[in-house]
Every structure is written in structure tokens, then in C-alpha cells.
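One-letter residues, chain by chain:
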Number of protein chains: 2
Amino acid sequence: MKPNFTLRLRVFNLNCWGIPYLSKHRADRVKRLGDFLNMESFDLALLEEVWSEQDFQDLRQKLLPTYPAAHYFRSGIIGSGLCVFSKHPIQEFTQHVFTLNGYPYMIHHGDWFCGKAVGLLVLHLSGLVLNAYVTHLHAEYNRQKDVYLAHRVAQAWELAQFIQCVSLGLTGEVGWGPGTEDHTSKKADMVLLCGDLNLHPKDLGCRLLKEWTGLCDAYLETRDFKGSEEGCTMVPENCYVNRRELEQFPLGIRIDYVLYKAVSGLYISCKTFKTTTGHDPHSGTPLSDHEALMATLCVRHSPPQHTSSPSHGPAERSALISVLREAWTELDQGMAQALWWATITGYVIGLGLLLLALLCALAVGGGIREVVILLWTPSVGLVLGAGAVYLFHVQEAKGLCRARAELQHVLGRAREAQDLSPESQPALQPGRQEGDRAEEQ
Amino acid sequence: MKPNFTLRLRVFNLNCWGIPYLSKHRADRVKRLGDFLNMESFDLALLEEVWSEQDFQDLRQKLLPTYPAAHYFRSGIIGSGLCVFSKHPIQEFTQHVFTLNGYPYMIHHGDWFCGKAVGLLVLHLSGLVLNAYVTHLHAEYNRQKDVYLAHRVAQAWELAQFIQCVSLGLTGEVGWGPGTEDHTSKKADMVLLCGDLNLHPKDLGCRLLKEWTGLCDAYLETRDFKGSEEGCTMVPENCYVNRRELEQFPLGIRIDYVLYKAVSGLYISCKTFKTTTGHDPHSGTPLSDHEALMATLCVRHSPPQHTSSPSHGPAERSALISVLREAWTELDQGMAQALWWATITGYVIGLGLLLLALLCALAVGGGIREVVILLWTPSVGLVLGAGAVYLFHVQEAKGLCRARAELQHVLGRAREAQDLSPESQPALQPGRQEGDRAEEQ
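A quick note: this is a predicted structure, and the numbers were derived from the prediction, not measured.

The rules behind the values
- Residues numbered from 1 in each chain as written.
- Chains lettered and ligands numbered in written order.
- Predicted model: local features only at pLDDT ≥ 70, side-chain atom pairs only at ≥ 80, totals over all residues.
- Heavy atoms only, no water.
- Helix = DSSP H or I, 4+ residues; strand = E, 2+ residues; numbered from the N terminus.
- Buried < 20%, exposed > 50% of the residue type's maximum accessible area, 1.4 Å probe, protein only.
- Domains from an automatic or database assignment.
- Contact = heavy atoms within 4.5 Å.
- Buried area = accessible area lost by both parts, 1.4 Å probe.
- Salt bridge = Lys/Arg side-chain N within 4 Å of Asp/Glu carboxyl O.
- Nonpolar A, V, L, I, M, F, W, Y, C, P; charged D, E, K, R; others polar.
- UniProt positions renumbered as here; feature names shortened; annotations may be inferred.
- 1 Å grid on protein atoms, 1.4 Å probe; cavity = no way out; pocket = protein on both sides within 12 Å on 5 of 7 lines; lining within 4 Å.
- Points joined across faces, edges and corners; volume = space filled by probe spheres on them.
- Pairing = 2+ DSSP bridges.
- Axes fitted to C-alpha atoms, helices over the stretch in contact; angles between N-to-C directions.
- Right-handed = clockwise from strand over helix to strand, strands pointing away.
- Disulfide = S-S within 2.5 Å.
- Polar contact = N/O pair within 3.5 Å; in protein donor to acceptor, adjacent residues only side chain to side chain.
- Patch = residues over 30% accessible without salt bridge, like charges linked within 9 Å, V, L, I, M, F, W, Y side chains within 5 Å.
- Areas by Shrake-Rupley, 256 points an atom, 1.4 Å probe, with all protein chains shown as cover.
- Parallel < 35°, antiparallel > 145°, perpendicular 65-115°, else oblique.
- Left-handed = near helix turned anticlockwise from the far one by under 90°.
- Expected span 1.5 Å × (residues − 1).
- Phe/Tyr/Trp six-rings, centres within 6.5 Å; stacked < 30°, edge-to-face > 60°.

Student: What am I meant to see in the overall build of chain A here?
Tutor: Helix and strand content of chain A: nine helices and 13 strands. Across the 441 residues of chain A, 59% fall into the buried class.

Below is the structure:
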């Protein structure tokens, strides 16, 4: 790598709203998306909600000359909806499916059936290793009463842990622990995360992800932004957007992101950042109900005034501790809720079994035969159905408990680091109860 | 680290056979295991099949003075059964739950309900980073007609990919690709994998895991082995073992492993390796139906005659290609099987719907009322049940397809490397068909 080396990386991200039979003008939009991607020739195009594999294959065929490499991330029953087209060869790819992803009985929401995931691509660009992630978290259907909040926080944590684990080193970047000085955990030169997080910038999950990974938000970092007001990625101007859903947000909402980080010795800046504004890039019908994001990133040697990782002074540490604590509380509440559902369904199973026993007694005693015949199968159905829901919530509680244990461990270590640092802040001490309750099981 | 530095690591592994209500003498065995671990004071004790969290808590309480750090990996409905006790502080931990893990309707086998997984611990020992993995793959119930073979191969691949991804670098150790020379992928100094793989040493999954990760088998590497014949970990001398299951293998089988690897600049040797021999370590009743493994590993600076990673000459490369191809074929067959089941259940759903329509017609036409009442609910049950099985197999096919795509990509790259190498072997060319069929989707 030469001293005055500069790598320019043009990235495209779009939630394509590609639900077969349900999304309007799907075939036309996919066609126009293909034309646009071919014309623009980005380095990397990361797409979400490409639910139909045929759409991916059609795009792949069309984009082959410009983007010779592509991958479709398969998971769950429907699929993750994630895919990627790359101008550069893909060295490796893998994926991580989120443990928690809504409820199978919420069929009308359908997230559970998708197997939401994070996909990872490893690219080699001018001798540097780029780990590019694409993801799509659980949708938010009711912001006032969000039953999926704990799941989305758990997904944000799993996403952050996956990135930390694969690209940043589980113990490498947080500035505590004896291993930090070894720098054995350097794993990639650059990390890029694109996708629909279904999280507003100030939402817990978004803060957790950014604080724990140190990823920078391209929209906030760039000096050259063109696009929708406040960088919103769902705007009322878009004819496919349900305006009633944006009633609380007259400008729209920002839930799609381009996030990045240079791991060491490098410095990444976002030269330009663009979004579409409710129309397609040429002011026609929009490409999707979400806006497309287009970022130009510049990778250089780290100038002396920039450290490659954010500093971990007392302010950063206490911001991290605060967000970890908030997430811990959310997961704890989610766990209580899951266990409550498991208990309720446990009672229903008991009731169903009692009913079956009663019916057996009636049948043996030669009671009203028609009643027995009528009630027998629904009772069996009740027991089996409640049994399935019970098992699901037990599994949900286990998943939340696992994420909470990981958070608790990290929280404990962050506090140790804070206590050891000369500037330790006694003001934060009252919040210790969770971390102390069960240090590690 | 001093030039003549040596790190000694004593490791214990046991599949504890801790099924509540079913495993014989569980409480007594757990008690004796705790006493033994306390007495021996290993650096790390990795346990599988600790299905009861209470057993873990009891052990934790007992082992606290000798092993201050511990973790129980929660997943699935029952749990992964994995836990670990460590003399050294645990820096970080995380886990990966396998995508495929048997069938929910095979209730008598129960693996699906466990959420089988691989757990990871990061430890810092004398300034070195140790990534210790513990795992337990799907059981083998019938070696002659193994319906879980594709799932176990997929699990072995996911396990290998997880280790490669987190500890070794997705592109770091295989010796191809432009990024290899960067060594950016150095992530841990030492990797340790212990667990019950439910794979014999020559089984496809075991070879795939070893070839792809380069992990060394402690039993094969040591010069000082004491224990059961051929290092078997399920032996007929063990009073808890069902002798009929070992009919084909008079000496027993070796399915539990201690595997390790030094990542760079270091050299690990296995000084001693011991197994129990059907009794507890003091010749009493055994601690489990599996034998315990005890290894003493020595970590040193890499002497000049040892390279830290296995060489990737033509022989190694063609062995890797051969095992990748074999795994690809197995997953392909598994996928065909999954799709066959999805088709069959699809027909059953159709049949059920037809029956329901017929019953509706009968009811409307005032037909035999009792028949309608009797058949209505079972028909609904049939449609719902077959629907669930259909969705499960669609998901299974997606999971197998994903693993197959990853294998195919790796296979393609291995072949490219082989073709580019001066010693390329034309003899291997006929086997190309799978890799070429659909280079990457």
C-alpha cells in the first residue's frame, strides 16, 4: 500500500419491498432497479426484502456484466430477503440467523417465517480486507405498544456481537482487559454494515449497536449530503408509503443505514451521501417504499490526528455502560413477559388435559356421546396448540436470557474498567444492582 | 513473552449424560465429578449433556474456589447442555446455534428440542489469547441407516466455519486468495475445541472439520497416551453403555475429541492424553456413559522446523477438495430428501383441503351429519399438521442449500488454487461437475 494510497468505494443500499403478489409494481421496479444499478456501476449493492429468489436470479442475469459476483442469503422458511451484488470477487461469505425473530403465531406479521439474519461478505480491495455486512431486523408494527421491542434489542445485540466477534475481535476494541495490547484481534481492515435496521437513530437498539461496535453513521459523518430531509429513508412523498404510519413523523423516518469503521492504521471518510426522495433517482415512480442510500467512502492511511478506534475515555465508557444497562433492563422485561406467557399456556395445557380426562370419564360412564365426540378433538387440539406455544415461549425466554447474560458480562467488565480508571465516576454507582445480582451464570 | 516461554494447559472434557429422570445415578455422578474436578484443578473443564441447569448451579457452587469462572450456554427449548468451568477469568463468551438439528417430530430422539450449539470462550493466558470452543453435534441413532447424516455434516461445516470465521480468519489459513499475505486475519493465538462430535475419526464430518480448520487431534498427536484401547470414548466396559449399540465395534467408538491449533508464531504439543476406561478415574462406577478426556497441552514459541499452519501443498489441497466434494454430495442428497418430504406433505395438505371441501359440500347438502362432525376436526388437524411439517422441510432444504452454497464457493476457490499451482493434477478434473453446475447463486 503506497503512502498516498486512496481507495474509493461506492456503495448502494435499498430495502426493495419485493413481496410476491403483495408489493405493487414489483416486476417493473426490479427491472428499473437493475437498469439503475447497471448504469451507476457501484462497487457493492446490498439489497433487503428480495423475498422472491426468482427476482434475485433475474437481477443476477441482468447485472452479470457489471457485477460479476453475487450472493443470495437463504434462511428460515421464506428466506432472509438479503442479497448482494459486487463488482469485485467475493472471497468468502457466511451468515448468522438471529435467535429471536418474532412469533410464529403472528402470521399476519410474517417476520418469524423469514429467518431474519445478517449476511457477511469478505472482499479484498487493493490488498485490504473489507468485511461487508447486510442485515434486516424485525419490523416495528406499533411504535406505541411494540411487542417486538425485546426481540429487536436482542437482534441488535446479536448483530453487534457477530460483527465484534468476526471483524473487530471480541476483546480488541473496547479498551479493557489484558489482551488489548496484543492486537491479536485485528481481523479486517474495514467494516461496512448496510441495511434496514427498523430502528430510529435514537432507538435503544441503534445506540447499542453503534456504542458496542464503534461504527460510524455515514449520514452523520458526511459533509456532502443530498436527499430527503434529515436523511429519512421512509418519506411521505413516496407513493408506496402508508401516510397514516408516518403521522407522528411529518418528515418521515430514518431506519436504513450505511455504517462503517476502519479497524487499524486506516481512516475512512464518507465523501458523499445521497438518498432518493420519494421518487426513483430520475424522478419517476419510486424503486421501493424505502429510499435508496448511495455512499462514496474514501479509505486512506490514518492521519496523525485521527485514531483508528474511538477513544475510550470516561465519557465514552459511561455512555456505553448506560446503553448496556438500558438494553439489559429491556431484555429482562422481555424475559419476564416470555415466562408469563409460558406460565399462562402451561395453565391452558393443564385445563385441556383436565377436559380430556373428563371426556374420558364421560365416555367410560356412557354419558352424552355426542358431546364427547364433539369436544374430544378440539380438546386434543387445544393441548397440542398450547403445548407448541408453551415450548416457543420457553425457547424465547432462553434466547433472551442468553443475550442478557452476554450483556451482563460485558457490563461487569465495563464497570471494572471504570472502577479501575482514575476518573471513576461515583454518580454511576446506583445503577449497579443488575450487574451484581448474578455476576455470571 | 520470554524466548523460552512455556505455557502448560490442562484440559478436561466429558459428556456427562445428565438427562433428568432418565440417566442413572445422575446426582451421585455429578457429585463425584465435582469432587474429581476440584481435586485435579484443571485449567479448563468443558462439559456436555448437562441438561439440568440445577446440576450446573450445584457444580458451580462446589467448584467456585477452584474454578472461579463458569458459564452455561442456553439455547433451544431444553438447552444446549454445554457448560464450562475455568480456573482463569473468562474475557468474553458467545455461542452459535446450529441451523439444522434433526426433526421436531422425532420427539423420542429429542435433539431438535436441545438447540445444539457451539459455545466460545475467550481467555487470556500469559498474554496469549485462547479461543476455547465446546460443542455437541446431533446424535447418531442408526449407523446403517442414518437419517441425520446430512444434518450432522451441515453441523460439522457450520462448526468449522464458525471457528474459521472467529478464530482463524475466513481467508487466512487456506493459502489462496490475495489477502493471505496480509495476515490481517490473525484473531487468536490458540484454538481449542472439545466436545462430543458424534463422529468417528474417519467419518465425513470429522474429516471435513479437521481439513477445513487444520485442527490437530490430541489423541493422535500425543506420545504419552494412557486410557482405553484406540482412545475410545464409549467402551463396552462402561456399565452405562448399551452393549448392543457397540456390537459392530468390540473395542468401542471414539466420538469425543480434544482438538487444538496454534495460530501463528506458536507451537502446541500434547504432552499427555488420558481417558478413563469404563470406570471413574479411581476405578469406581463411571462418571458417565462416555469416557472423560484429560489432555496436557504445552504452548511454546514455534521452533524453526515447525510451521504454525499446515502446509498447503498439492496433496493437502487435493485431500481438502476431496472431502469438500464428498460433503457437497451429502448435502445435495439431504436437500433432495428434504424437498421430497416437502412435496409429499404438500400432497397431504392438498388431500386434506379436498376432504374439507367434500365435508363442506356434504354439510350444505344435508348429508350424513355424524360423518361430517366426526371427520371435520381430524381433517383440519391433518391440514395443520402437514402444513407444519411442510414448512419445516422447506426450512430444512433452505438450511442445507445455504451450507451447500458455502461449500461450493470454497470448493471453487480450492480448485482455482489447484489449477493455478504449477503441480496441478489433471486426475482430479473429472469431479468438477458439481462445482460447475451453478458456480454461485
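Student: Would you explain the environment of A:Gly387 in this entry?
Tutor: Residues and elements named next belong to chain A. Its location among the elements puts Gly387 in helix α8 (residues 369–420). For Gly387, a relative accessible area of 16% gives the class buried. Gly387 sits 136 residues away from Leu251 along the chain, and the two C-alpha atoms are 45 Å apart.

Student: Teacher, can you tell me more about the domain arrangement of chain A here?
Tutor: Accessible area lost upon the coming together of the parts is a frequently used measure of interface size. Residue and element names in this part refer to chain A. When cut into domains, chain A gives domain 1 (6–308) and domain 2 (315–420). Distance between the C-alpha centres of domain 1 and domain 2: 32 Å. On the side of domain 2, 24 residues touch domain 1, which itself brings 23 residues to the contact. Of the roughly 2,100 Å² buried at the junction of domain 1 and domain 2 (both faces included), carbon and sulfur atoms supply 72%. Across the pair Glu326 and Arg207 runs a salt bridge, and its minimum N-O distance is 2.8 Å. Of all the secondary structure elements, the ones that give two or more residues to the side of domain 1 that touches domain 2 are α4 (149–168) and α5 (204–213). With eight residues, α4 is the largest single contributor of residues to the side of domain 1 that touches domain 2. Here the residues of the side of domain 1 that touches domain 2 are counted per class, giving 14 nonpolar, six polar and three charged.

Student: Explain the UniProt feature "transmembrane region" (unreviewed entry) in chain A to me, please; I cannot follow it from the model alone.
Tutor: Residues and elements named next belong to chain A. UniProt marks residues 338–365 and 371–392 with the feature "transmembrane region" (unreviewed entry), using the numbering shown here. Between the first and last C-alpha atoms of residues 338–365 the distance is 40 Å; the span itself is 96% helix and 0% strand. Helix makes up 100% of residues 371–392 and strand 0%, whereas the separation of the span's terminal C-alpha atoms amounts to 31 Å.

Student: Help me out: how do you make sense of the layout of surface pockets in this one?
Tutor: Where empty space is left in the structure can be found by rolling a water-sized probe over the atoms. If you add up the space inside the second largest pocket, you get close to 1,400 Å³. Together, 43 residues line the second largest pocket, and B:His109, B:Ala139, B:Glu140, B:Tyr141 and B:Glu245 are the ones closest to its centre. Of all elements in the fold, only α8 of chain A together with β1 (6–18) and α3 (111–114) of chain B reach the threshold of two or more residues within the lining of the second largest pocket. Take the lining of the second largest pocket: its biggest share by element is three residues, from α3(B).

Student: When you look at the sheet that holds strand β13 (residues 293–301) of chain B in this model, what are you seeing that I'm missing?
Tutor: Two orientations exist for strands paired in a sheet by backbone hydrogen bonds: parallel and antiparallel. All names here are of chain B. One open sheet holds the seven strands; their spatial order is β3-β4-β2-β1-β13-β12-β10, and the pairing between them is mixed. In this open sheet, the two strands that pair with only one neighbour each are β3 (69–72) and β10 (225–226). With six bridges joining them, β1 and strand β2 (residues 44–50) adopt parallel strand pairing. Following the sheet pairing, Gly18 is matched in β2 by Val50.

Student: Help me understand the sheet that holds strand β6 (residues 117–125) of chain B in this model?
Tutor: Residue and element names in this part refer to chain B. Spatial strand order, β5-β6-β7-β8-β11-β9: six strands in an open sheet with mixed pairing. Single-partner strands in this sheet number two, and they are β5 (90–97) and β9 (216–217). Helix α5 (residues 204–213) rests against β8 (190–196), β9 and β11 (256–262) of the sheet, and its axis sits at about 10° to β11.

Student: How do you make sense of the pairing of β1(B) when you look at a structure like this?
Tutor: Each regular strand carries side chains that alternate between the two faces of the sheet. Residues and elements named next belong to chain B. The buried fraction of β1 amounts to eleven of the 13 residues, a majority that puts the element mostly inside the structure. With eight bridges joining them, β1 and β13 adopt antiparallel strand pairing. Within β13, the residue paired with Asn13 across the bridge is Leu293. Between the parallel elements β1 and β2, the chain passes through helix α1 (residues 26–40) in a crossover that is right-handed.

Student: Sorry if this is basic, but what is going on with the state of the cysteines here?
Tutor: A covalent bond bridging the sulfur atoms of two cysteines is what the word disulfide describes. Residues and elements named next belong to chain A. Throughout the structure, instances matching the rule amount to zero disulfides over all chains. Summary of cysteine pairing: Cys298 is not part of a disulfide, and the nearest cysteine sulfur, belonging to Cys270, is at 9.1 Å. Cys298 sits in the buried class, given a relative accessible area of 7%.

Student: Can you help me understand the side chain of A:Thr66 in this one?
Tutor: Residue and element names in this part refer to chain A. Mapped onto the secondary structure, Thr66 falls in the loop between α2 (53–63) and β3 (69–72). Polar contacts involving the side chain of Thr66 include one to the side chain of Asn38, which spans 2.4 Å. In this view, Thr66 contacts Asn38, Ser41 and Lys87; residues no more than four positions away in its chain are not counted.

Student: I tried to follow a nonpolar patch on the surface on my own but got confused; where do I start?
Tutor: A cluster of nonpolar side chains, A:Trp340, A:Trp341, A:Ile344 and A:Tyr347, forms an exposed patch at the surface whose accessible area comes to about 450 Å². Along the chain, A:Tyr347 turns up in helix α7 (residues 314–364).

Student: Can you help me understand the packing of α4(A) against α8(A) in this one?
Tutor: Any two packed helices are characterised by how steeply their axes cross, that is the angle between the axes, and by the distance between the axes. Residue and element names in this part refer to chain A. With their axes 10 Å apart at the nearest point, α4 and α8 run at an angle of 50° to one another. Taken together, α4 and α8 sit at an angle that is classed as oblique. Crossing of α4 against α8: the hand is left-handed. Residues Ala150, His151, Ala154, Trp157, Glu158 and Gln161 of α4 touch α8, and the partners they reach there are Glu396, Leu400, Arg402, Ala403, Glu406, Leu407 and Val410. Residue composition of the contact of α4 with α8, by class: seven nonpolar, two polar and four charged.

Student: Help me out: how do you make sense of the pairing of strand β11 (residues 256–262) of chain A in this one?
Tutor: Residues and elements named next belong to chain A. Judged by how many residues are buried, β11 sits mostly within the fold: seven of seven residues are covered. Burial along β11 is two-sided: the residues Asp256, Val258, Tyr260 and Ala262 and Tyr257, Leu259 and Lys261 are all buried. Where strand β8 (residues 190–196) lies against β11, seven bridges are found, and the strand directions are antiparallel. Of the residues in β11, the one forming a bridge with Gly195 is Tyr257. Sheet topology note: the strand β9 (residues 216–217)/β11 ladder contains two bridges and is antiparallel. Counterpart to Asp217 in the pairing with β11 is Leu259.

Student: I keep staring at the pattern of salt bridges and nothing clicks. Help me out?
Tutor: When the charged atoms of two side chains lie near each other, side chains of opposite charge can form a pair. Residue and element names in this part refer to chain A. Considering all chains together, one arrives at 34 salt bridges over all chains under this definition. The closest approach of N and O atoms between Asp35 and Lys31, which form a salt bridge, is 3.3 Å. With Asp35 and Lys31 both in helix α1 (residues 26–40) and four residues apart, this pair spans about one turn of that helix. Exposure remark for Asp35: the relative accessible area of 33% places this residue in the partly exposed category.

Student: Mind showing me how you'd approach α1(B) here?
Tutor: Because the α-helix completes a turn every 3.6 residues, residues three or four places apart line up on one side. Residue and element names in this part refer to chain B. Taking 1.5 Å per residue as the helical rise, α1 with its 15 residues ought to reach 21 Å, and the 21 Å between its terminal C-alpha atoms agrees with that figure. Every buried residue of α1 is listed here: Arg29, Val30, Arg32, Leu33, Gly34, Phe36 and Leu37. For α1, the secondary structure elements touched by its buried residues are β1, β2, α2 (53–63) and β13. Within two residues after α1, Ser41 carries a phi angle of roughly 50°, on the positive side.

Student: Can you help me understand the environment of B:Ala150 in this one?
Tutor: Residue and element names in this part refer to chain B. With respect to the secondary-structure elements, Ala150 resides in helix α4 (residues 149–168). With relative accessibility at 9%, the residue Ala150 sits in the buried group. For Ala150 and Gln333, which are 183 residues apart along the polypeptide, the C-alpha to C-alpha distance reads 7.8 Å.

Student: Sorry, what's going on with unusual backbone geometry here?
Tutor: What you tend to see is this: most non-glycine residues have negative phi, and most peptide bonds are trans. Unlike most non-glycine residues, A:Tyr21 shows phi in positive territory, near 70°. Secondary-structure assignment places A:Tyr21 in the loop between β1 (6–18) and α1. The exposure class of A:Tyr21 is exposed, given its relative accessible area of 84%. Notably, B:Ser126 is not glycine yet its phi reads approximately 50°, a positive angle. Position of B:Ser126 among the secondary structure elements: in the loop between β6 and β7 (128–136).

Student: Please explain the packing of aromatic side chains as it appears in this structure.
Tutor: Aromatic rings in a pair are described by how distant their centres are and how their planes are angled relative to each other. Residues and elements named next belong to chain B. Evaluated as defined, the whole model comprises 34 aromatic pairs over all chains. Here the aromatic rings of Tyr219 and Phe273 are separated by 6.3 Å at their centres, their planes lie at 55°, and the arrangement is tilted. Pair noted here: Tyr219 is in helix α6 (residues 218–221) and Phe273 is in strand β12 (residues 266–275), with a separation of 54 residues, a long-range link. Residue Tyr219 shares its accessibility class with Phe273, and that shared class is buried.

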